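The primary structure of each chain is shown beneath.
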Amino acid sequence: MDVLIRQLPHDNDQLESQWPAIFDQFHKLSINISETDQPSFKIKSLDALTDYVAADNEQCANIKLTFIDVTLKTLSNGPLPSNDELVRIFCHLLDVPDTNKMLNLRLIEKVYYTYRLGERLCNDGCVDLMEKILLCLQKHEFSKKNCDVKVEEQWKYFLTRGMFSPISSDVNKLNKLETMMIMRSSYQQFYRFAAQHFNQSDIWLEILLTIEGTFSTLFDMFTSPTDAQQHISAAIAPPVSPKYVSLLAKSLQQHPDLFKNDPSQIYVAIEKLVSHNLFKEAECFFSHVIAPHFDLITNLEELIQTFIRMCSSVVDLECRSSFCKHLVSPLSYELTKKKLNKKLGNSCFDLIVAIVDLTVIEAPSCAKRLLSISEFYPWKQLDQQLTHLIQSCSAYDQIVVSSTNSELDKLDDMLKLIHDRAATNPSMFRATHRPALEAVLKWSSPINIGNAQAYPKHVYTMGEPMTELVDEKQMTVDICRQLISILQKHVDSVDDDTYVVESHYEQFLRVCILYCLQLKRLPCIAVCSQVLGKLLRRCLQPLKPFPTIMHEELARYCLSALNCPLHNESGLPTTEHYTALVIWFAIGPCIDNENDARAYERCVDRLFELIYEENEDSIHSWWTTFWIIVGLKFPTMAAEHSEQFLTAIIDHKLMILIGVLSTIYAKHPQPFHHRLNDLIHLLFDNNAQHLPTIASLLDIILKSHPHIITESQIDYLFTSIDIYHQPNTTQTICRLLSHVASTQPHLFDKHRQQLILLVSQQQQQQTFEAFTCLQQYLVASTIINGEQAADEYLTLLIDLIRNTKNISADLCSYIFHTCQLIGIRHKTVLAKKRDDLLEFESNSACRMLLDMIDGNKMSEEHQATLNRTLDEMSQIEERVVHTEKNVNNITKLVKRQELHMTNLDARIDAVDTNIIQLNEQVQSQARDIERIDAKTLSYVPSEWGHEACRLLNVRATNDWRLLGRRFGYSTSELKHWAMQLDPSMSLLNEWYMTHKADEATYGLVKMLNEIGRQDVEDIIRKAMTTAGQLIPDDLDIDIKRLPPVFLSYQWGSQKAVTRLKSHLEQAGYACWMDTGEMGGGDKLFAKIDAGIRGAKVVVCCLNKKYAQSDNCSREVHLTISTGKPLIPLQMEKQTWPPEGALGPIMSEYLYIRFFDRKANDEDYWPADKFTELLGQIRYHVAPDPDMIGDQYRNWFVPRVDNLIFLQPTPSTAPPSTTITTTQSTKTEPATTTKTTTTKDEKKDKNDDDDDTPLVVTHPQVMISYQWDCQKEIVILYKKLTKLGYRCWLDIFQMGGGDSLFEKIDTGIRHAKCILSCVTPKYTKSINCRREMALSDALEKLIVPLLIEDTQTWPPAGPMSMVFAERSYIDFRHPSDGKERWSGKEFEMILARLKQAVPEVEPTQPRRHLLDMQRPKTSLRREEKMKVGEKRKLARIGSAPVIAQSRACSIM
């Protein structure tokens, strides 16, 4: 039969036509085979059938399927072939490469089902045969790309419903559970293969599911750890089967030893899966392997580092979210459950930072969970990580969430937790300060610059604790000012209809300003949250005192806020109200001088208006609190608001301010006098509730001005005594009346009996005050009315003693003392009363009175008493006489005023005429005033200054020049002042500016006397006497000009500083040193004080001991308090700023590194640093040319190769030659070269060969820079000048006698554009800050050029506000070999300059330079030299100076 089968045709039609004959032959052959040959016959026939089918390439036809069925049916009768033969044949069919052959597949199915191959193999335990079948199947991928759909479905059904059936009752299958357990390793390998190909074939996927469903614990056992490792590697190799990973992970859970011995393989597996973004699969390994055995991990560091790496490797946003959800979250739970070793603190914190860096919603909760582990992290060692963490938290401002309860609120919890830790570890604030401050400043804007939308709620929720992480010790006034400007912008925009701000932003603004002002919490701020209270309590002292400019900005904001609505539609306070409230209640303790207080005057007036005109009672405490603090400190200012205080007290019963009124009364009494009647009636308002407080004020008023009270007011007070019978009331009123009784006794005549009645009541304290009033009245009346009144009053007093029952001894003594006062003036009248007094002789006071009448000698005690009585009587008499004079003066004054009123109409007409004339004169004088430096008049006393200067300006041998020479000023200084409009005023201003006022006046008067100018001396003395000032008769001072440079140093550097002093003096700067100026027996501190006050600049020579020296600290503080410029020199290597009390002061200055460790000569400083020092001093004072030695003769004269030579005019040189001059450096001689040209060549040249520099009188461009990048700036200057721009550069302005600051001021005011060359040192330079502040104030166009990286833009520090809204042009990284000032960046400069200076066309620079002046020293070359003459050329004037000078241009 096998031969017949092999001969069968493969053509379907041919086979079908021959089929009847073939069938008959099959039947005959099968009958004729003997039983012994049956096995071999069947095997050969099956082999033949297998070969036939394997070789068939035709389509699967029914005839061939019938042929197979008939053949297999025939061969299946009788004894069957062995399992080995059947498996061999079956594997042969499976080995056919082409799995798309349907006929081959059908034969495989027929063989399997006909011989029930699965059942036989399983029952017989033919493991090796089944392994062969499994291996054969693994040779096929069953790829979707290559499989026919029908064939694929047939394969799937056969394999997953036949060979590997999921039905447990099916016995003809290879995946019986018992069999699989025996063949575990083979099935593990088979499962692994299926898992590796499941994504390419649905067949393998179904097989995978079938095996997993049958034997879910397939991987519960491994032959060896290596086997398990291979499976793990296979499971994570792409393509990854989730089922494989899941099944393997669940199985590995049962093998803790495998994980314990080698956890790294699991970490690697998870990391590999994460790299392919398979987070759920990675989670399987974590949740089934790592989490259950977490306690078995001995090296958590490895796991943590693995996760840190994975955090940085996940890039996609969605993937980061899944990674955090599936892996980071469960890890954080496990770490928090386990008690961790503290050695892992750094690594865990790195993990927290890495988690937060994911910047997804799920990350903060995980990070917060880890951060909450207590007593674990080494906070003091985490500075860098803390900074990174705060920056990462602030990056979440880009995430927009819609839900109200977002997971991002955990950021708030994290920041609070960090702050709680920092509360016990304050050093942490050093790390959190910068990123927290950057975030606060960023969020201070209501709009996110990145997406032009408002920040979400969680940003401002996070912003509140973010402010807690700002270090109060590092807070600066500049940052506070920056935030105040943001608040000001906010309040300025309130009236804008388009301005909409979320409530979260408003709350955040309150927090920001609270922190930056470091205010104290007040009870009235009940509406603010607890966090605001905490901020209010912190850090007031580090920022105290505020500079005046900050007080002005705070006042401006408060005033703006007070002009806004204080409540919204709901009746709640507005944000403007809140912020103004907390600012207002903080400023009082921070006000240290009257100028600061006056900044808030408009606010105080607005508050008063709101309270008493607009009935805003809620802000009553604002006004009162301010004046309670400020009024007592600065009574002069408070006195100007007396009317407001009186209104508040009298009309609104605000008695809390009565103490302020008592203080300011003497400063401004008139308002009190105008409302005296109201004050008197206020005594008895509300049942005399305010009597003690008002009486204290009236006591001061009536004691100083008793004559201002009227008769009706006296009557009212006596009537009030009858109404209010309380002893305290009577006592108080009598005390007030006693002040008036001694000056206006006539007002008390009608009330005499009432006073006597009060005295006779004998209530101790009341009696004393009432009798004092009666005594003053009686004595003063006696002085005015004479003997008749004296007799009457003595009788009255004696009768008072007689008629008063049980009169006290004290009252008797008072009465006899009063009699004595009257008797001293009227002794005869008193003598007449001798007999009446005898009945009281037993009283010692009466006996003394009798002795006085009889002229008896008194005891020392009685004589002393009598002398005191005489003095008392004199005082009373003086008061009475003074009051009479005042009355007479008032009468005369009224008459004069009536006369003046008569002439007033006539004067008004004359004034109208004068006003017209004055208007014309003002216009003319205003132009003259502009030319006068405001400082000129700021030091010389105005009482005599103009008159004295007018006389001294008159040309004479002893005019101001002689005075200046006697004072010790140099010839160059006198020449400089001679060029001023008022040279005498300039001289005197310099003298007063460098001396104390009394010393300056004393020295001036003495020197005027010596030079014979008694006329000027008399003017000064008369003016001083008129002003109530005295000129000292003698002062121990040297009347001379003090050196302009003060050298402050510690004695350990004395030798070095002495040499520095010598070189500075050779360079033209006289210096003050204590060793050279003290002399024997002089007082150190007085000399130092005079030296600093007389200096123009103070140079601090700092060594390591300088900051520890008390004397040096005093010198620095005196320098700062007197406003002197300060230049720090580092004399040796040390930290900057220096440690100690000088650290905060020196941190504001840029130091000069003034030591050179490599230098061996006596000049221990680098040469360029000494030049820099000279330039810094030049800012404040010009050198004295007369002092300059040969070594430094031309230190401020430029080299020719640094000058800018342009050729805007026709050449004046001879036609045959062109001369070029080159000036070498200090050590090289000048050389001259000549080049001969023909006349034809000369004609071809432009007519602009003149190399004369130009004088810039009105610059168009000002270049601002810090000296470290001077070389680059000079190149920029040259390029712009050659393009036609008139540029101003400070190094070309060194000449002249005035300070460089005055020239800088002129340059900025004239310039149209300021080029700001920004470097890190530029932002710290005080001089550069001044330039930018003036430019910004004048609203000049500022173009920032970024020369070096500043880390942030705008750069941190005081300049941040200037540059905040200005974009920079980037010049940081010039290409190799390429000039910095070129390319598109330089074109951007020219574009900005085109806007500011449109009249200049860079393509045609000549036409814009024609109007520039030529230096007068630039003569025609024909006039200066002959053709071919060989001589050294003279130096010509420097180009860019404002006035011709030899001291001009680059150092």
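Residues numbered from 1 in each chain as written. Predicted model: local features only at pLDDT ≥ 70, side-chain atom pairs only at ≥ 80, totals over all residues. Heavy atoms only, no water.

Further remarks concern the overall build of the protein chain. In terms of helices and strands, the protein chain carries 70 helices and 14 strands. Counting the 1451 residues in the protein chain, one finds 51% classified as buried. The long-range share in the protein chain, meaning contacts at least 24 apart out of those at least 6 apart in sequence, stands at 74%. In the structure as shown, the protein chain presents an accessible area of about 68,900 Å², 50% of it carried by carbon and sulfur atoms. (Helix = DSSP H or I, 4+ residues; strand = E, 2+ residues; numbered from the N terminus. Buried < 20%, exposed > 50% of the residue type's maximum accessible area, 1.4 Å probe, protein only. Contact = heavy atoms within 4.5 Å. Areas by Shrake-Rupley, 256 points an atom, 1.4 Å probe, with all protein chains shown as cover.)

As for its placement among the helices and strands, Glu 1115 is situated in helix 60 (residues 1110-1121). Residues Glu 1115 and Cys 1100 lie 15 residues apart in sequence; the distance between their C-alpha atoms is 9.1 Å. In this structure Glu 1115 touches Phe 1046, Ser 1048, Tyr 1049, Ile 1088 and Ile 1092, once residues within four positions along its chain are discounted.

In any sheet, the strands associate via hydrogen bonds between backbone groups, in a parallel or an antiparallel arrangement. The strand order across the open sheet built from five strands is 11-10-12-13-14, with neighbouring strands paired in parallel fashion. If you trace the sheet from one side to the other, it starts and ends with strand 11 (1287-1288) and strand 14 (1369-1370), each paired once. Note that strand 10 (residues 1261-1264) and strand 11 share two bridges and pair parallel. By the bridge assignment for strand 11, Val 1261 is matched with Cys 1287. In this fold helix 69 (residues 1383-1396) packs onto strand 10, strand 12 (1313-1318), strand 13 (1341-1346) and strand 14, with an angle of close to 175° to the strand it touches most, strand 13. (Pairing = 2+ DSSP bridges. Axes fitted to C-alpha atoms, helices over the stretch in contact; angles between N-to-C directions.)

With respect to topology, five strands assemble into an open sheet ordered 4-3-5-6-7, the strand pairing being parallel. The sheet is open, and its two edges are formed by strand 4 (1071-1072) and strand 7 (1152-1153), each paired on a single side. The pairing of strand 3 (residues 1045-1049) with strand 5 (residues 1097-1102) spans five bridges and is parallel. Across the sheet, Tyr 1049 pairs through a bridge with Cys 1101, a residue of strand 5.

Between helix 11 (residues 184-197) and helix 13 (residues 225-236), the least distance of the axes is 10 Å, while the angle of their chain directions is 15°. With respect to helix 13, the element helix 11 is oriented roughly parallel. The way helix 11 lies across helix 13 gives a crossing that is left-handed. Residue-level inspection shows Gln 188, Gln 189, Arg 192 and Gln 196 of helix 11 in contact with helix 13, the latter providing Asp 227, Gln 230, His 231 and Ala 234. (Parallel < 35°, antiparallel > 145°, perpendicular 65-115°, else oblique. Left-handed = near helix turned anticlockwise from the far one by under 90°.)

A few words on the pairing of strand 13. Of all six residues that make up strand 13, five are buried, and the element is covered over most of its length. Bridge count for strand 12 against strand 13 is six bridges, and the pairing is parallel. If you follow Ile 1314 over to strand 13, its bridge partner there is Ile 1342. Inspection of the sheet shows strand 13 paired to strand 14 by two bridges, in the parallel sense. Each residue of the ladder has a partner; that of Leu 1346, found in strand 14, is Asp 1370.

Moving on, we get to the side chain of Ser 392. Here Ser 392 lies in helix 22 (residues 383-394). On the accessibility criterion, Ser 392 (6% relative accessible area) is buried. What Ser 392 contacts, discounting residues up to four positions off in sequence, is Val 356 and Asp 357.

So, on to the pattern of salt bridges. In this structure the tally under the stated criterion is 47 salt bridges. Here Glu 594 and Arg 598 are joined by a salt bridge, their closest N and O atoms 2.7 Å apart. Of this pair, Glu 594 and Arg 598 are both found in helix 31 (residues 594-598), four residues apart, which corresponds to roughly one turn of the helix. Taking relative accessible area as the criterion, Glu 594 reaches 24% and is therefore assigned partly exposed. With a shortest N-O distance of 3.3 Å, Glu 601 and Arg 598 are connected by a salt bridge. (Salt bridge = Lys/Arg side-chain N within 4 Å of Asp/Glu carboxyl O.)

With their axes 8 Å apart at the nearest point, helix 23 (residues 409-424) and helix 25 (residues 457-468) run at an angle of 0° to one another. Between helix 23 and helix 25, the angle is such that the two are roughly parallel. Contact residues: helix 23 offers Asp 409, Leu 411, Asp 412, Leu 415, Lys 416 and His 419, while helix 25 offers Lys 457, His 458, Thr 461, Met 462, Pro 465, Met 466 and Glu 468. Residues belonging to the contact of helix 23 with helix 25 are distributed by class as follows: five nonpolar, three polar and five charged. (Nonpolar A, V, L, I, M, F, W, Y, C, P; charged D, E, K, R; others polar.)

On to the environment of Thr 223. By the secondary structure assignment, Thr 223 is in the loop between helix 12 (202-214) and helix 13. By relative accessible area, Thr 223 is classed as exposed at 59%. For the pair Thr 223 and Ser 185, spaced 38 residues apart in the sequence, the C-alpha separation amounts to 7.3 Å.

A separate point is the packing of aromatic side chains. Two numbers describe a pair of aromatic rings. These are the distance of the centres and the angle of the planes. Summed over all chains, the structure comprises 49 aromatic pairs. Measuring from centroid to centroid gives 6.3 Å for Tyr 1049 and Trp 1051, while their planes differ by 40°, and the two rings are tilted. For Tyr 1049, a relative accessible area of 5% gives the class buried. Of the residues examined, Trp 1051 reaches a relative accessible area of 55% and is grouped as exposed. In this structure an aromatic cluster arises from ring pairing among Trp 584, Tyr 600, Phe 608, Tyr 612, Trp 623, Phe 626, Trp 627 and Phe 645. The ring of Phe 1155 is capped by Arg 1153, whose NZ or CZ atom sits 4.3 Å from the centre of that ring. (Phe/Tyr/Trp six-rings, centres within 6.5 Å; stacked < 30°, edge-to-face > 60°. Lys NZ or Arg CZ within 6 Å of the ring centre and 35° of its normal.)

Of note, the bond from Pro 238 into Pro 239 is cis; its omega dihedral lies within 30 degrees of zero at -10°. Residue position: Pro 239 is located in the loop between helix 13 and helix 14 (242-252). Residue Pro 1354 is reached from Trp 1353 by a cis peptide bond, and omega for that bond is 0°. Tracing the sequence through the fold places Pro 1354 in the loop between strand 13 and helix 68 (1360-1363). Even without glycine at this site, Asn 687 takes up a positive phi of about 60°.

Turning to helix 52 (residues 960-967), a few remarks are in order. Here helix 52 has its buried residues at Trp 960, Leu 962, Leu 963, Gly 964 and Phe 967. The secondary structure elements touched by the buried residues of helix 52 are helix 51 (945-952), helix 53 (971-978), helix 54 (983-993) and helix 55 (997-1010). With its phi angle positive at about 100°, Gly 968 sits one or two positions after the end of helix 52.

Burial in helix 51 covers these residues: Gly 945, Ala 948, Cys 949, Leu 951 and Leu 952. Along helix 51, the residues classed as buried sweep out an arc of 160° about the axis, all on the same side. Residues of helix 51 that are buried make contact with helix 52, helix 54, helix 55 and helix 56 (1014-1026). (Arc of directions from axis to C-beta.)

Okay, the side chain of Lys 833 next. Relative to the helices and strands, Lys 833 is located in the loop between helix 47 (827-832) and helix 48 (834-838). In this structure the side chain of Lys 833 is engaged in a polar contact, spanning 3.2 Å, whose partner is the side chain of Asp 791. In contact with Lys 833, not counting residues within four places along its chain, are Asp 791, Leu 794, Thr 795 and Ile 798. (Polar contact = N/O pair within 3.5 Å; in protein donor to acceptor, adjacent residues only side chain to side chain.)

A few words now on the nonpolar core. Counting residues in hydrophobic clusters, the biggest one holds 291 residues, and the most contacted among them are Phe 285, Phe 323, Trp 623 and Phe 748. Of the residues forming this core, the biggest block, nine residues, is contributed by helix 45 (residues 787-803). Setting aside its immediate chain neighbours within four residues, Trp 623 contacts Trp 584, Val 604, Leu 607, Phe 608, Ile 611, Tyr 612, Gln 644, Phe 645, Ala 648, Leu 654 and Leu 657. Within the second largest apolar cluster, 47 residues are counted, among which are Tyr 1179, Ile 1263, Ala 1311 and Leu 1345. (Core = buried A, V, L, I, M, F, W, Y, C linked by side-chain atoms within 4.5 Å.)

Here we come to the state of the cysteines. All chains considered together, the criterion is met by zero disulfides. As a non-bridged cysteine, Cys 136 has Cys 91 as the owner of its nearest cysteine sulfur, 3.6 Å distant. Cys 1071 carries a free sulfur, and the closest cysteine sulfur to it, the one in Cys 1101, is 9.3 Å from it. With a relative accessible area of 2%, Cys 1071 lands in the buried category. (Disulfide = S-S within 2.5 Å.)

This paragraph deals with the confidence of the model for the protein chain. Confidence in the prediction for the protein chain averages 78 pLDDT; 80% of positions are at 70 or higher. The low-confidence segment residues 1405-1451 (pLDDT under 50) makes 137 contacts with residues lying over four places distant or belonging to another chain. (pLDDT = per-residue confidence, 0-100.)

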